Amino acid sequence: METNQLILALSKGRIFEDTVPLLAEAGITVTENPETSRKLILPTNDPNVRVIIVRATDVPTYVQHGAADFGVAGKDVLLEHGGEGLYQPIDLEIAKCRMSVAVKAGFDYANAVHPGARLRVATKFIETARQHFASKGVHVDLIKLYGSMELAPLVGLSDAIVDVVSTGSTLRANNLVEVEEIMEISSRLVVNQAALKLKRERLQPILEAFARAANRS
Ligand code: ADP
Ligand code: PRP
Ligand code: MG
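Residues numbered from 1 in each chain as written. Chains lettered and ligands numbered in written order. Predicted model: local features only at pLDDT ≥ 70, side-chain atom pairs only at ≥ 80, totals over all residues. Heavy atoms only, no water.

1. Brief notes about the layout of surface pockets
Roughly 1,000 Å³ of volume is contained in the largest pocket. R14, D76, K124, F125 and V164 are, among the 36 residues lining the largest pocket, the residues nearest its centre. At the level of secondary structure, the elements contributing two or more residues to the lining of the largest pocket comprise α1 (14–25), α2 (59–64), β4 (70–74), α3 (75–81), β9 (160–165) and α6 (169–173). Counting residues per element, the lining of the largest pocket draws most heavily on α3, at 4 residues. By residue class, the composition of the lining of the largest pocket is 14 nonpolar, 12 polar and 10 charged. Here the lining of the largest pocket spans two domains, and each of domain 1 (6–96 + 186–216) and domain 2 (97–184) adds at least three residues to it. Roughly 180 Å³ of internal volume is contained in the second largest pocket. (1 Å grid on protein atoms, 1.4 Å probe; cavity = no way out; pocket = protein on both sides within 12 Å on 5 of 7 lines; lining within 4 Å. Points joined across faces, edges and corners; volume = space filled by probe spheres on them. Helix = DSSP H or I, 4+ residues; strand = E, 2+ residues; numbered from the N terminus. Nonpolar A, V, L, I, M, F, W, Y, C, P; charged D, E, K, R; others polar. Domains from an automatic or database assignment.)

If you want it as structure tokens, here you go:
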């Protein structure tokens, strides 16, 4: 492991955009735009720091295996991954949303979740959904989806969905209602446990800058 070189794993879109100001606090500027570049390894103004662009759900995997030294991932994604091999020092308070249960308007959720009932739930967040309904004693048939969860109750694939909600406009646009909040979600800094030891000198000032910027927001 080259101890001077740092690789940061980010996903395109809201995580990248919300991490740019945190990097600025550490004096780091990404010098290519992931929305327009086809490159997956982006240079920064610091020759020792590079950013890799991966899918949001893959960030923990790259960091766990040390292919990236650190990364930014949502609590939703980290709970599904399990967090193995990851040190999670800072809640960055970015990409805030909540994990919720939603159903089609008019569906009698309260009556459908009495203990002993069986509910069909479509979600990308299988582990979170499993734990949530187990804690309520509700039996669920979980249907794994990779996106557009809001569609599932509309076409009869499921009775309910578990998905992230922010403004609620996606639910409203699809005639769904939020019936239960499971947890608040924000994004965390995740650091490879070996890198934290071997590259502490290089990582520490960046982690401190991220913490300063996160505490101000
Ligand atoms: P994906 O391609 O996996 O959907 P996103 O960029 O949409 O990636 O989501 C990355 C993270 O941002 C999620 O893991 C979640 O923590 C958070 N997030 C998702 N949707 C929203 C939203 N509408 N508003 C705020 N944060 C969100
Ligand atoms: C996310 C999420 C919801 C929506 C919720 O989708 O999967 O569909 O945001 O936000 P709202 O409550 O403000 O409408 P996203 O925008 O990330 O699209 P994608 O993941 O399907 O690409
Ligand atoms: Mg998304």
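2. Things to note about the side chain of S11
The topology assignment puts S11 in the loop between β1 (6–10) and α1. Look at S11 and you get buried, because its relative accessible area is 5%. Apart from the residues within four sequence positions on either side, S11 is in contact with F16, V54, R55, A56 and V59. (Buried < 20%, exposed > 50% of the residue type's maximum accessible area, 1.4 Å probe, protein only. Contact = heavy atoms within 4.5 Å.)

3. Considering the sheet that holds β4
By definition, the strands of a sheet pair up through backbone hydrogen bonds, in either a parallel or an antiparallel sense. As summarised here, the arrangement of the 6 strands in space is β2-β3-β1-β4-β11-β5, forming an open sheet in which the pairing is mixed. Either end of the sheet is taken by a strand with one partner, and the two such strands are β2 (41–43) and β5 (86–91). Averaged over all pairs of adjacent strands, the angle between strand axes in this sheet comes to 30 degrees, irrespective of strand direction. When β4 meets strand β11 (residues 187–192), the two strands line up antiparallel, connected through 5 bridges. Directly across from A73, in β11, lies its bridge partner R188. In the packing of α1 onto the sheet, the strands contacted are β1, β2, β3 (49–53), β4 and β11, and the crossing angle to β1 comes to about 140 degrees. Here helix α8 (residues 200–216) sits on the sheet in contact with β1, β3, β4, β5 and β11, set at roughly 35 degrees to β5. (Pairing = 2+ DSSP bridges. Axes fitted to C-alpha atoms, helices over the stretch in contact; angles between N-to-C directions.)

4. A look at the nonpolar core
F70, L92, L189 and F210 are the most contacted members of the largest nonpolar core, which totals 29 residues. Sorting the residues of this core by element identifies β1, α1, β3, β4, β11, α7 (193–198) and α8 as the ones contributing at least two each. Sort the elements by how many residues they give to this core and α8 lands first, with 6 residues. Other than its neighbours up to four places away in sequence, F70 contacts L6, I7, L8, A9, V63, L189, V190, V191, L203, I206 and L207. Counting 28 residues, the second-largest nonpolar core is a separate cluster that includes C97, M99, V103 and M149. (Core = buried A, V, L, I, M, F, W, Y, C linked by side-chain atoms within 4.5 Å.)

5. Focus on the site of ligand 2
R14, E150, D163, V164, V165, S166, T167, G168, S169 and T170 make up every residue found near ligand 2. At 2.9 Å, a side-chain N or O of R14 approaches an oxygen atom of ligand 2. Between ligand 2 and the protein, one listed contact pairs an oxygen atom with a side-chain N or O atom of T170 at 2.5 Å. Computed on the free molecule, ligand 2 has an accessible area of 510 Å², of which 59% lies beneath the protein chains in the complex. With respect to the pocket detection grid, ligand 2 is positioned in the largest pocket. When residues of the shell around ligand 2 are traced back to their parent elements, those giving at least two are β9 and α6. Counting residues per element, the shell around ligand 2 draws most heavily on β9, at 3 residues. (Near = heavy atom within 4 Å. Polar contact = N/O pair within 3.5 Å; in protein donor to acceptor, adjacent residues only side chain to side chain. Areas by Shrake-Rupley, 256 points an atom, 1.4 Å probe, with all protein chains shown as cover. Sits in = over half its atoms within 2 Å of the grid points.)

6. Some remarks on unusual backbone geometry
Peptide bonds are, in most cases, trans, and in most cases residues other than glycine have a negative phi. The backbone of E93 sits at a positive phi, close to 60 degrees, despite the residue not being glycine. Note on E93: relative accessible area 36%, which makes it partly exposed. Look at A95: it is not a glycine, yet its phi comes out positive at around 50 degrees.

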